[in-house]
Amino acid sequence: MPHMSKVELYAAIRRDHRSGMSMRKLERKHSVTWRTVRKALDSSWPEPRKKLPPRATTLDPYKAVIDEILRADLDAPRKQRYTVTRIFHRLVEEHGADSYRLASTRARAEEPAKAI
């Protein structure tokens, strides 16, 4: 059976039910559980997907520190500003960070704001 959207699946279940198919046959034909068959018969539209809360990243504890460094750099002359490598070394020394990518991701994301 080709993959179909949930709306199409619900429509197919309702159509087969109107033609006289039992709940158990609908489950087997469409490879779904009895709850899905029940939902399809009760409502013509599937319920919307739940929004998941954003997951915490390994960068979260250091975001404030990196932002503070970049804000302080706005006043510094161009040649004296922190590079990503310098930000990383400072995070290692002061906060025990262990990933260069961690520092570079945040610093590069903040570069456009830094230019303003």
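Notes on the structure in this doc start here. Since we're looking at a predicted model, the values are computed, not measured.

**Quick notes on the pattern of salt bridges**
Enumeration over the complete set of coordinates arrives at five salt bridges. Between Asp16 and Lys29 there is a salt bridge, and its shortest N-O distance comes to 2.9 Å. Separated by 13 residues along the polypeptide, Asp16 in helix α1 (residues 6–18) and Lys29 in helix α2 (residues 23–30) bring together distant segments of the chain. Lys39 serves as the salt-bridge partner of Glu47, at 4.0 Å between the closest nitrogen and oxygen.

**Some points on helix α5 (residues 84–95)**
Its 12 residues place the ends of α5 16 Å apart at the C-alpha level, agreeing with the 16 Å of an ideal helix rising 1.5 Å per residue. Among the residues making up α5, those that are buried are Val84, Ile87, Phe88 and Leu91. Seen end-on, α5 carries its buried residues on one side only, within an arc spanning 100°. One or two positions beyond α5, positive phi appears at Gly96, with a value near 75°.

**Some remarks on the environment of Ala72**
Here Ala72 is to be found in helix α4 (residues 60–73). Note on Ala72: relative accessible area 53%, which makes it exposed. On a C-alpha basis, the gap between Ala72 and Tyr82 in space is 9.5 Å, while along the polypeptide they are 10 residues apart.

**Considering helix α3 (residues 34–42)**
For α3, the full list of buried residues reads Thr36, Val37 and Ala40. All buried residues of α3 lie within an arc of 100° about the axis, which places them on one face of the element. For α3, the exposed residues set more than 90 degrees away from the buried face come down to Arg35 and Asp42. Considering only its buried residues, α3 is in contact with α1 and α2.

**Some remarks on the packing of α2 against α3**
At a closest axis distance of 9 Å, the pairing of α2 and α3 adopts a crossing angle of 105°. In terms of their interaxial angle, α2 and α3 are classed as roughly perpendicular. Each of Met23, Leu26 and Glu27 in α2 lies in contact with α3, whose residues at this interface are Trp34, Val37, Arg38 and Leu41.

**Quick look at the layout of surface pockets**
Roughly 250 Å³ of volume is contained in the largest pocket. Lining the largest pocket are Lys6, Tyr10, Arg35, Thr36, Lys39, Pro46, Glu47, Pro48, Arg49 and Lys50. Listing elements by their share of the lining of the largest pocket, those giving two or more residues are α1 and α3. Considering only residue class, the lining of the largest pocket consists of three nonpolar, one polar and six charged.

Calculation criteria
Residues numbered from 1 in each chain as written. Predicted model: local features only at pLDDT ≥ 70, side-chain atom pairs only at ≥ 80, totals over all residues. Heavy atoms only, no water. Salt bridge = Lys/Arg side-chain N within 4 Å of Asp/Glu carboxyl O. Helix = DSSP H or I, 4+ residues; strand = E, 2+ residues; numbered from the N terminus. Expected span 1.5 Å × (residues − 1). Buried < 20%, exposed > 50% of the residue type's maximum accessible area, 1.4 Å probe, protein only. Arc of directions from axis to C-beta. Contact = heavy atoms within 4.5 Å. Axes fitted to C-alpha atoms, helices over the stretch in contact; angles between N-to-C directions. Parallel < 35°, antiparallel > 145°, perpendicular 65-115°, else oblique. 1 Å grid on protein atoms, 1.4 Å probe; cavity = no way out; pocket = protein on both sides within 12 Å on 5 of 7 lines; lining within 4 Å. Points joined across faces, edges and corners; volume = space filled by probe spheres on them. Nonpolar A, V, L, I, M, F, W, Y, C, P; charged D, E, K, R; others polar.

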